[in-house]
Amino acid sequence: MEPKGIAMNNPIAWTLMELLAIRLTKQKTLGKSLVMAAVFGLSAMATEAAEVSLSGFGTLGYAQSNQSYNFERFIDNNGTFARDSIAGVQADIKITDEIGATVQGKFAPSIDNDNSWNGTLSWAFLSWRPSNDWLVRAGKQRLPVYLYSESTDVGVTYDFAHLPAEMYSISPSTDYVGISVAKTWNPDLGELTLDGYAGNIGTSWRIYQRDNVPLPPPAQPGVSFKDISVDSRGLALTLLRDEDKYRASMHTQTTSISPASPGAYSQLSAAQLGLPFVAAGAAYMPQTSVTNVNSVVYTLSAEIKLPQDFRAIGEYGRRKITNALTGIDTNGGYFSLLKDIDAWTPYVSYAVIKSRADALSLYQAMNGNANGLIDGGPAVAAAVAGINASQRVLADGLLVYDQNTIALGTSYRLSPTQKIKMEWARTHVGVASSFVDAPSFGNVSNQNIDVLSFSYNVVF
Amino acid sequence: MKTTIKVVSTIQIVSLAVSLWFSPAHAGEIVVIGNSNVPKMDAVTIQKVYTGKVISVSGVSVTPVGVKPGTGARNIFLQEFLKQDEEKYTAYWTVRRYIGKGAPPAELASDAEVVNYVQSTPGAVGYIDEAALKPGMNVIARKHTGGPQSALDSIENVIDYAQFTPGTVGRIDIAGLSGLSVIAFR
């Protein structure tokens, strides 16, 4: 007998769960045609160009936690090189005095498979600089969201062993294919640049589900990846003043699941099961449908040089979801204090991310929702077990964040092009965190996760 | 009888005597040279050119070049014009390159290569030690770092020096006078 009122056999409901289970992760490679066009086009230009400047970068990073489950995708108590390691090359091509091209490729863990590495084209854009103050770029480029957005992959350019995930995950994609226009002014207070951009990118979002759900269609536990498309447009205002840097930005983004998928919902609400043999008799299920998730992201960032060779770095990010109740509606950020002592730069950092309160409450209600069987045979018992499991699946799909991290670390500058970094970080998970792959049929809440990180970073 | 005058940069006051007469080049002098189509620049503009913030000066597209680390006048140039040391300069360009805002100036092997490149490339700008300066080159800026007394080897260089170095005084033949402040003559 199939329980009434449960949407678990509804493909649209499952699509919702998949959409809600979208995990913020790195962007996918360009479509083949675009990659081909970019590579061939830029190669042709490079052949004709008078000047090609080649450079490379790499990080060999190891991280290990004190927990058996995965944290930040890869880290557990067995240790991993996958979270922080990366290698890349970049070509800066001067085509004319005003026109240039930049191509950057990198080799890193795949964005659509936790067990493989692959090479991707991370940047491929043409630049047109008609005057000192204007810069127009077209192609695949980096979103100007964070203080270190553009150089996130290049560890030598900052002192943190790992940029705080509480901040550096708030955009569903780090890149876009589109056009950007930048205007620079040089008032007395420094160099002021306003960037405006618009573009789109196809990428993958990582989905993690704790439990197996026996109801049709079956939901397999573990990690899976879903193709998504992200439309982005935004503005970023950056001020450079001596050794200080400030950035404020605003972005509107629409994240759509692949066209083959029928759609999704915006609400999850409790409904009576209508089954007299079930004790609690309620379950949460999807309601209103939406075809995409609309978000607005605001950021404020600053890096300020202080007396006695101290530096303060702080970033705040607000990710507001305008058309759905979901845990990815967050406030987050970090504050760090660093001190330069010759080649050493020790630092202490505190980071936090928290979903909106009603999403956290809903997560707790769904995660703890347990209908008890009053009567019925094995088939009914299995159905009720499935209902309960479905509630935890929906809870996973809500993608809530409630964690904070304190980190102590240092970088050591071997040369201007090489740094060694080490860090100890303790993350406290409150209600739950979607950075954690919680064990099957278990919960990770009110727990600490300690992570040790070491890395060697180089550019050449 | 040869007529001589004293010239001084428009900014400044007499403090440094500069001789016209032909003497060996003075160590510690650094000159910024440009192709013949490159206009004169002040130190701030040169700083912007070498940090990628400016790509054209007075309508002329400029291409800066330098010498490799540890070579020629590089350290003095970084210190005097960019107010940076080697480490900060490398770190600056490492970040700038990887935020997608261009590559650092090309680094040539020697002053002689810089001279050849600048002379043959429209818009090119380079820095060299004074000793590598050839007569007739377009000196677009100059810094004296070698001490209180210098001896330059041509009228043009005396004029260049006076134009770009606040507080200097030079003595030249009147035929070389053009656009300078005359503070005395006899």
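Small disclaimer: the values here were computed from a predicted structure and weren't measured.

## So, helix α4 (residues 111-120) of chain B
Residues and elements named next belong to chain B.
Argument step 1. Listed in full, the buried residues belonging to α4 are Asp-111, Val-114, Val-115 and Val-118. Here the buried residues of α4 occupy an arc of 100 degrees about the axis, which is enough to place them on one side.
Argument step 2. Turning to α4, the residues buried within the fold contact β3 (29-34), β6 (63-67), β7 (106-108) and β8 (124-129).

## Some remarks on the confidence of the model for chain A
Argument step 1. Mean pLDDT over chain A: 83, with 80% of residues reaching 70 or higher.
Argument step 2. Of all secondary-structure elements in chain A, the lowest mean pLDDT belongs to helix α1 (residues 11-20) of chain A, at 33, while strand β17 (residues 344-355) of chain A reaches the highest, 98.

## Things to note about unusual backbone geometry
Argument step 1. Its identity is not glycine, yet Asp309(A) carries a phi of approximately 65 degrees, on the positive side.
Argument step 2. When you line up the elements, Asp309(A) lands in the loop between β14 (292-305) and β15 (310-321).
Argument step 3. Positive phi is not limited to glycine here, since Lys83(B) has a value of about 55 degrees.
Argument step 4. Structurally, Lys83(B) is set in the loop between α2 (74-82) and α3 (86-98).

## Brief notes about the sheet that holds strand β9 (residues 138-144) of chain B
Residue and element names in this part refer to chain B.
Argument step 1. In spatial order, the strands read β7-β6-β8-β3-β9; together these 5 strands make up an open sheet with mixed pairing. Each edge of the open sheet is held by one strand with a lone partner, namely β7 and β9. Neighbour-to-neighbour, the strand axes of this sheet turn through a mean angle of 25 degrees, independent of strand direction.
Argument step 2. Relative to β9, β3 runs antiparallel, the two sharing 6 bridges. By the bridge assignment, Ile-30 is partnered in β9 with Lys-143.
Argument step 3. Against the sheet, α4 touches β3, β6, β7 and β8, its axis set at about 150 degrees to β8.

## Details of empty space enclosed by the protein
All names here are of chain A.
Argument step 1. Following the criterion strictly, the structure yields 7 cavities of 30 Å³ or more and no others.
Argument step 2. Estimated volume of the second largest cavity: approximately 200 Å³.
Argument step 3. As for the second largest cavity, its lining consists of 21 residues, and the residues nearest its centre are His-162, Pro-164, Thr-405, Glu-423 and Ala-425.
Argument step 4. When residues in the lining of the second largest cavity are grouped by element, the largest group, 4 residues, is from β17.
Argument step 5. Of the residues assigned to the lining of the second largest cavity, the class counts are 11 nonpolar, 6 polar and 4 charged.

## Overview of helix α3 (residues 357-367) of chain A
Argument step 1. When α3(A) is considered as a whole, its buried residues turn out to be Ala359(A), Leu360(A), Leu362(A), Tyr363(A), Met366(A) and Asn367(A). Buried residues in α3(A), looked at end-on, bunch into an arc of 160 degrees, giving them a common side.

## Description of the pattern of salt bridges
All names here are of chain A.
Argument step 1. Under the criterion given, the structure shown has 28 salt bridges over all chains.
Argument step 2. Between Arg-73 and Asp-114 there is a salt bridge, with its nearest N and O atoms 2.5 Å apart. Here Arg-73 is found in the loop between β1 (51-65) and β2 (86-94), whereas its partner Asp-114 is found in the loop between β3 (99-109) and β4 (117-128), with 41 residues between them in sequence.
Argument step 3. Using a relative accessible area of 19% as the deciding quantity, one classes Asp-114 as buried.
Argument step 4. Between Arg-83 and Asp-84 there is a salt bridge; the shortest N-O distance is 3.1 Å. Taken individually, Arg-83 and Asp-84 each receive the classification buried, so the pair is uniform in this respect.
Argument step 5. One network of salt bridges, with partners in common, ties together Asp-159, Glu-303, Arg-311, Asp-340 and Lys-419.

## Looking at the packing of helix α1 (residues 43-50) of chain B against α2(B)
All names here are of chain B.
Argument step 1. Following both chains from N to C, one finds α1 and α2 inclined at 120 degrees, their axes separated by 9 Å at the closest point. With respect to their mutual orientation, α1 and α2 come out oblique. The residues of α2 that touch α1, namely those facing Ala-43, Ile-46, Gln-47 and Tyr-50, are Phe-77, Phe-81 and Leu-82.
Argument step 2. Along the lines of polarity and charge, the residues of the contact of α1 with α2 split into 6 nonpolar, 1 polar and no charged.

## Looking at the pairing of strand β6 (residues 175-185) of chain A
Residue and element names in this part refer to chain A.
Argument step 1. Here 9 bridges tie strand β5 (residues 134-142) to β6, and the two strands are oriented antiparallel to one another. By the bridge assignment for β6, Arg-137 is matched with Ser-180.
Argument step 2. Both β6 and strand β7 (residues 191-209) contribute to a ladder of 9 bridges, which runs antiparallel. Each residue of the ladder has a partner; that of Lys-183, found in β7, is Leu-194.
Argument step 3. Taking the residues that link successive antiparallel strands as the turn, the β6-β7 hairpin has 5 residues, and the phi of Gly-190 there is positive, at about 145 degrees.

Rules and cut-offs
- Residues numbered from 1 in each chain as written.
- Chains lettered and ligands numbered in written order.
- Predicted model: local features only at pLDDT ≥ 70, side-chain atom pairs only at ≥ 80, totals over all residues.
- Heavy atoms only, no water.
- Buried < 20%, exposed > 50% of the residue type's maximum accessible area, 1.4 Å probe, protein only.
- Helix = DSSP H or I, 4+ residues; strand = E, 2+ residues; numbered from the N terminus.
- Arc of directions from axis to C-beta.
- Contact = heavy atoms within 4.5 Å.
- pLDDT = per-residue confidence, 0-100.
- Pairing = 2+ DSSP bridges.
- Axes fitted to C-alpha atoms, helices over the stretch in contact; angles between N-to-C directions.
- 1 Å grid on protein atoms, 1.4 Å probe; cavity = no way out; pocket = protein on both sides within 12 Å on 5 of 7 lines; lining within 4 Å.
- Points joined across faces, edges and corners; volume = space filled by probe spheres on them.
- Nonpolar A, V, L, I, M, F, W, Y, C, P; charged D, E, K, R; others polar.
- Salt bridge = Lys/Arg side-chain N within 4 Å of Asp/Glu carboxyl O.
- Parallel < 35°, antiparallel > 145°, perpendicular 65-115°, else oblique.

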